[in-house]
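# Architecture and fold: a report
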Amino acid sequence: MSVVNLKEQVRCFHCSEICVNPDILSGNKHFCCIGCKAVYEILEENNLCRYYSLDKNPGLNQKKLDTEEKGRYSYLDDTNVISRLVNFSDSSSSIVNFTVPQIHCSSCIWLLENLHKLNHGIIYSEVNFLQKTVSVRFRQSEISLREVIELLVSVGYEPQISLDDLGTAHKFHSNRGLYYKIGIAGFCFGNIMLFSFPEYLAFETHLEHFYKQFFGLWNILLGAPVIFYSASDYFKSAWNGLKQRSINIDFPICLGLAVLFIRSVYEISSGTGPGFVDSMTGLIFFLLIGKVFQSKTYDALNFERNYKSYFPVSVTVKNDGKEKNIPVSKLSTGDRIIIRNNELVPADSILFLGNANIDYSFVTGESAPVLKVAGEIIYAGGRQLGSVIELEVIRTVSQSYLTQLWNKDAFAKNEENRFNSMVNIVGKYFTLVILTIAAFAFLFWMSTDIHTAINAFTAVLIIACPCGIALTSPFALGNAVRILGRNKFYLKNANVVERISKIDTIVFDKTGTITKAGDARVTFTGSMLTAYEQRLIKSIVRNSTHPLSSKIYDIIEPDELFEVKFFKESTGEGIEGIVDLNLVRLGAALFAADRNHILNYPEKKSPGPDTRVFVAINNHLKGYFTFCNIYRNGLDEVAESLQNDFDIYVLSGDNEGERENLARIFKDDEKLKFNQTPHQKLSFIEKLQDRDRKVMMIGDGLNDAGALRQSDVGVALSEDITNFSPACDAILDAASFSSLNRMIRFSRNTKTIIIISFIISIIYNIVGVAIAFQSAVSPMIAAILMPLSSVSVVLFTVLSTNFIGKRRGLI
Amino acid sequence: MSVILLLIFFSMLVAGGFLLAFLWAVKNGQYDDQYTPSVRVLFDNDIATNHNQTSEVLKTSDVIKASNEKI
């Protein structure tokens with residue numbers, strides 16, 4: 001066997017894939033497939049070859065796309081569908097937003113923003129790189145929506161149009177409101193500082209009374225929009241908390257802010273003092289900055305997807321011998337549908353015609369495709385591999401076996417209400433303690449005089465305003481989200497960090513999560529194959545589209561291939577053909593050779609069923625290929641390291657073929673469950689939670705969707721994060737699987753850091769309250785103490801989360 | 001001292017102008033996408049504009065030549 005030198009191989013000019021067929025040429029450039037070549041030719045024709053000079057081989061592989069199929073987008077001619085997709089439309093032009101997950105480099109941006117050069121009906125197109133969307137404005141009179149989409153497909157950027165988009169209008173996530181508030185708070189804070197400057201420098205004695213009054217009034221005027229507009233979210237949140245009969249952290253903050261403002265207005269209007277408007281606006285400004293810092297979101301990722309975004313938008317229906325594409329949502333029972341190679345079955349249906357070879361791996365977790373014959377039920381979500389099949393729909397999309405999972409209670413629950421964050425719990429007790437102290441101070445000074453009593457009461461509330469606590473958690477969590485994001489572990493929001501830190505049980509899915517999806521280790525058992533025999537096998541499997549064939553093709557070293565004659569593929573049985581005058585058969589045992597041979601063959605060792613492909617050359621049984629799952633890199637270490645602190649379970653929708661291997665990795669055979677349906681997975685999580693377990697579920701497919709949703713932290717593992725992943729709290733890039741244990745530990749440490757900084761800021765508060773209790777706070781001390789405590793606490797949290805991140809090897 | 005009032009009035013006017021500019025920028029969507037424009041700006045000065053630049057350089061040099069000849 002020869003060692004392959006990758007450098008010698010020709011790579012596709014468009015997508016840099018290795019070119020198997022050297023004949024696909026355009027000019028002197030090689031392409032791996034006709035799709036890539038077609039894209040290149042369109043770009044060359046329109047003088048857009050700059051696409052290739054911005055980034056090297058920027059294109060996307062076009063092999064999987066079936067460009068032949070013309071009627072694919074015909075459902076886009078439906079006015080109903082158009083009106084749901086288009087964002088804005090007037091008499092001459094329309095604007096539509098597409099999600100294009102393939103956007104990945106500057107070449108993509110360049111090409112997609114030059115669409116107007118390809119078709120003059122397009123007025124402009126604008127890419128949002130982080131959200132991976134392109135917004136296109138076009139003249140309906142010159143180009144239809146369908147043509148716009150077909151244009152995008154023709155240059156290799158197929159927009160993602162799913163049932164989800166059709167259901168609701170496009171929502172745009174935007175932070176604009178927060179920016180307005182910060183802008184105004186910052187503006188007012190800065191100016192108030194300027195006007196308060198004379199006070200800080202103790203100029204007040206020299207200051208004329210008129211100016212004192214004037215500056216004071218200005219400060220109130222500037223402070224009013226900050227407290228009434230910029231801080232409005234805090235008041236709303238505190239009020240909502242009260243309505244639900246709970247006190248959250250925003251309540252003491254609002255109490256502090258309100259007292260600050262009222263006392264300032266009183267002091268200034270009565271001429272008794274300069275007020276605290278500067279501290280108040282400063283505090284609100286810092287709080288809002290913390291909010292922006294915490295609200296780090298991953299725009300391109302979608303954490304709310306359900307089955308609707310996985311299923312296709314349209315399906316081909318056969319009616320009176322005519323084929324027509326209709327939206328899947330209009331599918332009704334009794335419809336006859338046509339499913340081609342690599343298409344999804346959108347609704348539960350009965351196989352009517354053709355040989356179905358259904359890949360359920362994403363839906364149920366079974367790794368091997370399932371063979372179905374006419375008359376059998378095929379559940380929605382399966383992907384057909386092989387020839388065209390005809391089905392009759394027996395249940396509509398929303399009533400199908402799999403989609404019914406979404407009718408369960410777990411999906412109706414409001415996620416955020418289930419979780420009471422640590423800050424709010426602290427806030428509740430904090431408020432009670434502070435109110436008690438303030439009341440004591442009031443009563444204590446009451447005996448001297450009422451004026452000092454009110455002074456002390458308000459001073460306690462002002463000084464004890466938990467700004468340190470309120471700032472700690474956004475900065476610590478926000479920083480943790482960033483550090484984890486840099487390690488390709490993307491959290492839905494900052495709360496998830498805290499939830500991860502409480503986890504004590506981890507449940508893994510098998511197929512696609514701890515094993516690599518669509519990848520298998522192939523071993524050959526039997527008599528050694530000669531190089532010539534290997535060439536024969538490689539030649540014949542090249543003609544088959546079956547996934548097992550392509551796996552066998554991949555493991556045999558490349559060599560010159562023979563031409564195959566009389567090739568025949570019997571679905572579910574195997575393939576045969578004459579290769580270089582030899583009869584080669586591959587497939588199920590009975591197919592490959594006659595019964596006697598099989599009986600004489602040594603019994604298989606492993607007790608569970610596994611997948612084998614027998615090989616016979618000229619009717620001599622040579623042996624068989626076995627396909628084992630490949631486990632992700634680092635699984636052993638991750639499992640071993642997590643075992644000490646967590647209960648680990650494995651739920652698999654697959655058969656028990658891998659039980660031995662898994663038992664070796666996870667030590668405990670009891671905690672492995674096989675043949676689990678999506679509903680069983682969900683109820684398994686529920687049972688754990690009934691025993692007061694905090695469960696993290698790590699899964700990848702639709703079959704885990706229920707369990708992901710039910711668990712306290714649902715992590716979706718994904719090979720390509722822009723691809724579909726079910727609704728979850730966090731998305732983990734498969735490449736970072738090996739650092740999962742370190743990331744969970746890091747989240748735990750973050751919680752400890754928050755607790756430490758709580759203690760620090762409470763110490764600040766105690767010192768402050770002690771001074772305030774004596775009714776001896778000068779505005780000077782208050783003005784220094786408040787920002788100082790906040791800034792030092794923020795610095796501590798950010799620096800220590802960075803330090804821990806470094807120690808865990810995450811930075 | 002009363003000049004201070006005038007100065008404060010003008011400083012607020014200038015600062016308020018910047019605040020309005022910021023609010024306008026946010027409203028206009030300039031803070032919605034903070035990444036793509038940074039890439040776009042690099043290739044909007046496309047080969048085409050490079051051509052323009054070189055031709056402009058040529059033009060100015062032509063002008064210089066012409067003026068030299070006149071002298």
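Conventions and cut-offs
- Residues numbered from 1 in each chain as written.
- Chains lettered and ligands numbered in written order.
- Predicted model: local features only at pLDDT ≥ 70, side-chain atom pairs only at ≥ 80, totals over all residues.
- Helix = DSSP H or I, 4+ residues; strand = E, 2+ residues; numbered from the N terminus.
- Buried ≥ 20, exposed ≤ 12 C-beta atoms within 10 Å, placed from the backbone.
- Contact = placed C-beta atoms within 7 Å.
- Axes fitted to C-alpha atoms, helices over the stretch in contact; angles between N-to-C directions.
- Parallel < 35°, antiparallel > 145°, perpendicular 65-115°, else oblique.
- Left-handed = near helix turned anticlockwise from the far one by under 90°.
- Pairing = 2+ DSSP bridges.
- Core = buried A, V, L, I, M, F, W, Y, C linked by C-beta atoms within 7 Å.
- pLDDT = per-residue confidence, 0-100.
- Nonpolar A, V, L, I, M, F, W, Y, C, P; charged D, E, K, R; others polar.

Okay, the overall build of chain B next. Looking only at helices and strands, chain B has 3 helices and 0 strands in total. By the burial criterion, 1% of the 71 residues in chain B qualify as buried.

Turning our eyes to something else, we now look at the overall build of chain A. From N to C terminus, chain A includes 28 helices and 28 strands. Buried residues in chain A amount to 44% of all 811 residues. Within chain A, contacts between residues separated by at least 24 positions form 67% of all contacts whose residues are at least 6 apart in sequence.

Residue and element names in this part refer to chain A. Interhelical geometry of helix 12 (residues 277-294) versus helix 16 (residues 467-486) gives an angle of 20° and a closest axis separation of 8 Å. The orientation of helix 12 with respect to helix 16, classified from their angle, is roughly parallel. For the pair helix 12 and helix 16, the crossing hand works out as left-handed. Contact with helix 12, carried on its side by Leu-283, Phe-286, Leu-287, Gly-290, Lys-291, Phe-293 and Gln-294, involves Cys-467, Ala-470, Leu-471, Pro-474, Phe-475, Leu-477 and Gly-478 of helix 16 and no other residues of that element.

This next bit is on the environment of Leu-217 of chain A. By the secondary structure assignment, Leu-217 of chain A is in helix 9 (residues 209-230). Each C-alpha atom of the pair Leu-217 of chain A and Lys-516 of chain A lies 67 Å from the other, and the pair is 299 residues apart in sequence.

All names here are of chain A. What the 4 strands build is an open sheet, ordered 3-4-6-5; its pairing is antiparallel. Every interior strand has two partners, whereas the edge strands, strand 3 (86-89) and strand 5 (122-128), have only one. Across the sheet, the mean angle separating the axes of adjacent strands is 15° when strand polarity is ignored. Bridging between strand 4 (residues 93-99) and strand 6 (residues 133-139) involves 7 bridges; their strand directions are antiparallel. The residue bridging Val-96 from the neighbouring strand is Val-136, located in strand 6.

Residues and elements named next belong to chain A. In terms of nonpolar packing, the biggest core is built from 185 residues, with Val-460, Val-715 and Ala-730 touching the most fellow members. A per-element tally of this core places helix 16 first, with 11 residues. Excluding its chain neighbours within four sequence positions, the residues that come into contact with Ala-730 are Phe-489, Tyr-490, Leu-491, Lys-492, Val-496, Val-713 and Val-715. In terms of nonpolar packing, the next biggest core, distinct from the first, is built from 23 residues, Ile-537, Leu-548, Ile-575 and Val-613 among them.

Residue and element names in this part refer to chain B. Looking at chain B as a whole, its pLDDT mean stands at 70, while 59% of the residues score no less than 70. When mean pLDDT is taken per element in chain B, helix 1 (residues 3-27) scores highest with 92 and helix 3 (residues 47-70) scores lowest with 43. Segment residues 46-71 is flagged for pLDDT under 50; beyond a separation of four residues in sequence, or across chains, it makes 0 contacts in the model. Listed scores for the predicted complex are pTM 0.77 and ipTM 0.72.

In this assembly, 16 residues from chain A lie in contact with 13 residues from chain B. For the side of chain A that touches chain B, the secondary-structure elements that each account for two or more residues are helix 4 (106-112), strand 5 and helix 8 (176-200) of chain A. Ranked by residues supplied to the side of chain A that touches chain B, first place goes to helix 8 of chain A with 6 residues. Here the residues of the side of chain A that touches chain B sort into 9 nonpolar, 5 polar and 2 charged.

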